[in-house]
Structure formats: structure tokens, C-alpha cells
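# Examining the three-dimensional arrangement
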Amino acid sequence: MKLGPYLVWAAVATGTGILVLLGYFFQLDVLIGLRLLLIQWAVLLAAAALMLGLFNLLSVHWNKVSLQQHGWPYSAMLILFFLVTLVLGLLFGPDYEVVLLLFRYVQVPVEASLMALLAISLAVAGFRLLSRRRDLVSLAFVGTTLIVLLGTAPWPIGGESSVYLAFSDVRAWVSQVWAAAGARGILLGVALGAITTGLRVLLASDRPYGD
Amino acid sequence: MTAIDLVGLVILILFLVSMLVYASLGERWKVVFRPLSGLDALDEAIERAVEDGSRVHVSLGTGSVIGSDSAPALAGLAMLSKIAAKTSMSDKPVVATAADGAMALLAQDTLRTAYDEAGASGRYEPISGRLLAPSPFSYAAALPGMLATEDVSVHLMSGSYGAEGGLAADFGERKQALVMAGTDDVQSQALLYATAQYPLIGEEVFATGAYLDIGRMHRASLRTQDLVRFLIVAAILLGTIARTVGLWP
């Protein structure tokens, strides 16, 4: 093991992690107080990091505008509206009518449009999946998707028919039995992976904060 | 301390001891990997990107560092360090993006360390680890522009995603990049299965470090996961049998 300043960061990260972790297992006032204090500090640091991140975002787009790279007008627009929103928010607060208007009539519609785009993207991806990976799993994936769609979405005609009710029953059986069982298996694997990843950071084997 | 706390602590100690024991065994007990097509194709794609002057992009998702969903992004950061070393001599080194300020800072630190270790400190640019946008859908909206401007040919996603993950993978596909994607959320995994060329299902996103040979602790983690999984499955089966025959009320 080489010596260096990273040992200090690693010791701080490991010590803090252990204190927070122990606070979950031992209901001692000292540990619980320390855990809450450290988490509050983490939230403050995350807010400060967001400011740095936004500065980084501006730097990236400022570079693009300065170098007239491909798509620089979009970067210029981003910088302009970023600064306008920031100044309005700082001067008049987040509840100011114009800031709310920007959020309601720009941010929300754009996000809603992306959700709509997702529906189209997924339909295309379904076809692409069948053309690219023609195996049993992919066929089962697309087949199950169709059954669930037919059993969930309203039918223009025959909504009360026995065929529709049969699809609804099959959909319920697939989602409540097969999908739930599969999801639990996947969640078990994800939980185990998340624990080992966290422990590697706690043991300072992985040091995302650098050396 | 309640009984459930005690069980949790015992399981955690089991994890720790197992990881340390497996790590100390090291190469004396070879790890056998099952083939994962995405990770098999990744090496070749990275080499191709270095040769043709295109860029590798690592997306760390839309989760935050202090959230409970940071684990896949931490796995992504480990992968980023390895890829940064591999692409350090390329005209266009790897770029990493996140939707969280702290995650972007971690990406910068990871890249700086990787370049230092590769003896290419001069290649490090702070904007190669960046906050793309501060919310999930604005992150997805900003991706196509970034993929086009940076000439990305390998699009790796390892982080927490919601529905925007499907779009993020699809944008990579439209750019005809190699898209490998994994996340912790089950519903998002279904989206990624449909949209990504190489989806990582379940714990596969956490196994990338071991497959990319990042270090012995990554291999030890994989073995520990297998060990604990077998123990849990055995406990479930024994519990079911005991309950069925009336041994456990």
C-alpha cells in the first residue's frame, strides 16, 4: 500500500460511513445524534456540490460557444435562460409568478413531451428487439408486453366481451404471479450487489473521491 | 437492539468477513465468469473508439450520491476509472455525465486519479466529468446533443434511472453507438432490456468491476454475492418446507 494524502480522505470516508451505519443498528442517543448530524452535513455538501455542478455545466456550454462548436446556438440559449431564471429566482424567490410560469409552461410541457416520446421509442424498440435478438427470451418479453397491453388498455370495441375479460385475467396472473416472482429474484440480486458496492467504498477499496 | 437489527448486523458481518476472506485468497482460487455478451463486446468497442478517434461516454444516471439509489452509479465510477485508463491516450478521452452535482464531482475525481495513475495527468480536463442537467428528464433531453457533439461511439449507462433511462438508451441506439445499460430499478431494467443493445439485468451492473478486472475486491464481492444468495435461497427453501410440514408455526 502506497502512502499519500488519500489515506486521510479514506480514513474520513470510512470513519463517517461506519458511524452512520452503526447508528442504524444500535439505538444509542450518541450514535443516532451523530448519524443525523452527519447526514445533515451530507445534504449541505450535496447542495454546495450542485452549485459547483451548475458552474461546471456553464463552463461546458461557455466553451462550446467560445469555440463555435457544433450546436453552439443551443448552448448560448441555455446560458441565457439559465442566467435569466437564476437572477429572477434570486431576486424574487422561487414562488415569483414569472418563475412559476417558466416552470409550468416550459419545464412541465417539455417533460410531458419526453414521456410521450418514450411511448413511441418503446414501440420502435420492441420491433428492433425482435429483429436484433431473435431468441426465446425476447419473444417472451414482447409477447408478455402485448398480453399486458391488451389486458390493461381500453378496447375501442368489445370492452365488455369475454375475450377482453380473459385478457384481463391473464394480465393479472402474469403481473401478480410471474412478474412479481421474477422481480423479487432481481431485487434480491440488486440488493446483494448494492451492499457489496457500499462495503467496498466503506473499506476504501473503491475510492470515488480520488487519491 | 431489536432482533431484526441483530440479524441485519450478522448479515453485514458475514458480508465483510466473506469479502475479506475471498480477497485474501486472490488468484489462488480462480474466478469463473459466465459469459456476458455486453462486457465481451465492450473491450473491442473501446479499442475501436480509441483507434477511430470517437469517444466513450459513461452515464452515471439521474440519482444522487446521498440517495439510497447511488450504488449502481458507484459501480459505474469504478468502471469509469478502468475505461479512463484505457482511453487516456486517445484523441478523445472518456467523458462522464450525471444529473447530480456531487456525482459529477466524483466523476471528475475518478478521472483525475485514473489519469494520474496512467501517467497522463496532462490529459485530464475538468469538463470531462460533467453535470449534464439537474433533473431526470432534462438529463434525457440534453443527451442527444451531447452524444452528437462529442462523437460518442460507446454509450455506457450505469446508474439509477427512472422512465428517462429508456430514452437515454434509445438516443445512444439512434447514434448507432454500442449501448450497454444497467440500473437498480426493476421497471427501468425492463425499459433498458427493450431499448439497449446490451442490457445488464439484475446484479450484472454490479459485476462489471469483476469482469473488467478492476481489482481483487471486485472479484471477492462477486463471490460474496453468490455465497449469500445461496444461503438466502437455502433459508427460503428450508423455511417453506418447515412451514409446510408444521415445524415452524
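Definitions and cut-offs
Residues numbered from 1 in each chain as written. Chains lettered and ligands numbered in written order. Predicted model: local features only at pLDDT ≥ 70, side-chain atom pairs only at ≥ 80, totals over all residues. Heavy atoms only, no water. Contact = heavy atoms within 4.5 Å. Buried area = accessible area lost by both parts, 1.4 Å probe. Salt bridge = Lys/Arg side-chain N within 4 Å of Asp/Glu carboxyl O. Polar contact = N/O pair within 3.5 Å; in protein donor to acceptor, adjacent residues only side chain to side chain. Helix = DSSP H or I, 4+ residues; strand = E, 2+ residues; numbered from the N terminus. Nonpolar A, V, L, I, M, F, W, Y, C, P; charged D, E, K, R; others polar. 1 Å grid on protein atoms, 1.4 Å probe; cavity = no way out; pocket = protein on both sides within 12 Å on 5 of 7 lines; lining within 4 Å. Points joined across faces, edges and corners; volume = space filled by probe spheres on them. Axes fitted to C-alpha atoms, helices over the stretch in contact; angles between N-to-C directions. Parallel < 35°, antiparallel > 145°, perpendicular 65-115°, else oblique. Left-handed = near helix turned anticlockwise from the far one by under 90°. Patch = residues over 30% accessible without salt bridge, like charges linked within 9 Å, V, L, I, M, F, W, Y side chains within 5 Å. Areas by Shrake-Rupley, 256 points an atom, 1.4 Å probe, with all protein chains shown as cover. Buried < 20%, exposed > 50% of the residue type's maximum accessible area, 1.4 Å probe, protein only. Phe/Tyr/Trp six-rings, centres within 6.5 Å; stacked < 30°, edge-to-face > 60°. Lys NZ or Arg CZ within 6 Å of the ring centre and 35° of its normal. Expected span 1.5 Å × (residues − 1).

If you look at the interface, chain B gives 67 residues, while chain A gives 60 residues. The junction of chain B with chain A conceals about 5300 Å² of combined surface from both sides, 72% of it contributed by carbon and sulfur atoms. Among the residues chain B hides against chain A, the three largest losses belong to Leu 131, Phe 137 and Tyr 193 of chain B. Together they make up 11% of the total. The interface formed by chain B and chain A includes two salt bridges. As a salt-bridge pair, Arg 128 of chain A and Asp 170 of chain B come within 3.0 Å of each other at their nearest N and O atoms. Our enumeration of links across chain B and chain A arrives at 15 residue pairs in polar contact (both at pLDDT 80 or more). Secondary-structure elements contributing two or more residues to the side of chain B that touches chain A are α1 (3-25), α3 (71-86), α4 (101-117), β3 (129-131), α5 (136-149), α6 (164-174), α7 (186-195) and α9 (216-244) of chain B. For the side of chain B that touches chain A, the leading source of residues is α4 of chain B, giving 10 residues. Classifying every residue of the side of chain B that touches chain A by side-chain character gives 38 nonpolar, 18 polar and 11 charged.

Residue and element names in this part refer to chain B. Under the criterion given, the structure shown has one cavity of 30 Å³ or more. Around the largest cavity, the lining residues are Tyr 22, Ala 23, Gly 26, Arg 216, Arg 219, Ala 220 and Arg 223. Listing elements by their share of the lining of the largest cavity, those giving two or more residues are α1 and α9. For the lining of the largest cavity, the element with the most residues is α9, which contributes four residues. Considered class by class, the residues forming the lining of the largest cavity number three nonpolar, one polar and three charged.

Let us now look at the packing of helix α5 (residues 136-152) of chain A against helix α6 (residues 162-202) of chain A. Residue and element names in this part refer to chain A. The geometry of α5 relative to α6 is characterised by a closest axis approach of 8 Å and an angle of 125 degrees between their N-to-C directions. Regarding the angle of α5 to α6, the classification is oblique. For the pair α5 and α6, the crossing hand works out as left-handed. Two secondary-structure elements touch here, α5 through Thr 144, Ile 147, Val 148, Leu 150, Gly 151 and Thr 152 and α6 through Tyr 164, Phe 167, Ser 168, Val 170, Arg 171 and Val 174.

A separate point is a nonpolar patch on the surface. Taken together, Tyr 24, Ile 39 and Val 43 of chain A together with Ile 66 of chain B make up a surface patch of nonpolar side chains, about 350 Å² in accessible area. Within the secondary structure, Tyr 24 of chain A is located in helix α1 (residues 6-25).

Here Arg 130 of chain B shows up in strand β3. According to the relative accessible area criterion, Arg 130 of chain B is buried, its value standing at 7%. Among all residues touching Arg 130 of chain B, those that are not within four sequence positions of it are Asn 56 and Val 60 of chain A together with Val 95, Ala 96, Thr 97, Ala 98, Ala 104, Met 146 and Glu 150 of chain B.

Scanning all chains against the criterion turns up eight aromatic pairs over all chains. When the centroid spacing of 4.8 Å and the interplanar angle of 45 degrees are considered together, the rings of Phe 141 of chain A and Tyr 193 of chain B count as tilted. Taken as a pair, Phe 141 of chain A in helix α5 and Tyr 193 of chain B in helix α7 lie in two separate chains rather than in one. Phe 141 of chain A gets classed as partly exposed once you look at its relative accessible area, which sits at 24%. Judged by its relative accessible area of 12%, Tyr 193 of chain B is buried. An aromatic cluster is built from Trp 155, Tyr 164 and Phe 167 of chain A, whose rings are joined through pairwise contacts. Directly above the aromatic system of Tyr 24 of chain A lies the positively charged group of Arg 35 of chain A, at a separation of 4.3 Å from the ring centroid. The ring centre of Tyr 193 of chain B lies 4.7 Å from the NZ or CZ of Arg 133 of chain A, which sits over that ring.

Here we come to α3 of chain B. Residues and elements named next belong to chain B. For α3, spanning 16 residues, the distance from its first C-alpha to its last is 23 Å, which sits close to the expected 22 Å at 1.5 Å a residue. Where burial is concerned, most of α3 is hidden: 12 out of the 16 residues are buried. Every buried residue of α3 is listed here: Ala 71, Pro 72, Ala 73, Leu 74, Ala 75, Gly 76, Leu 77, Ala 78, Met 79, Leu 80, Ile 83 and Ala 84.

For the rest of this paragraph, the subject is the pattern of salt bridges. Applying the stated criterion to the full structure yields 15 salt bridges over all chains. Among the ionic pairs, Arg 229 of chain B bridges to Glu 203 of chain B, the shortest N-O distance being 3.0 Å. Within this pair, whereas Arg 229 of chain B is found in helix α9, its partner Glu 203 of chain B is found in the loop between β6 (198-200) and α8 (208-211), the two being separated by 26 residues in sequence. The buried category is assigned to Arg 229 of chain B, whose relative accessible area is 18%. What emerges from the salt-bridge pattern is a single network uniting Arg 128 of chain A together with Asp 170 and Arg 174 of chain B.

To continue, consider the environment of Leu 191 of chain B. Residue placement: Leu 191 of chain B occurs in helix α7. Leu 191 of chain B sits in the buried class, given a relative accessible area of 15%. When the C-alpha atoms of Leu 191 of chain B and Gly 162 of chain B are compared, they prove to be 9.2 Å apart, with 29 residues separating the residues in sequence. Setting aside chain neighbours within four positions, we find Leu 191 of chain B in contact with Leu 122 of chain A together with Gly 162, Ala 163 and Gly 166 of chain B.

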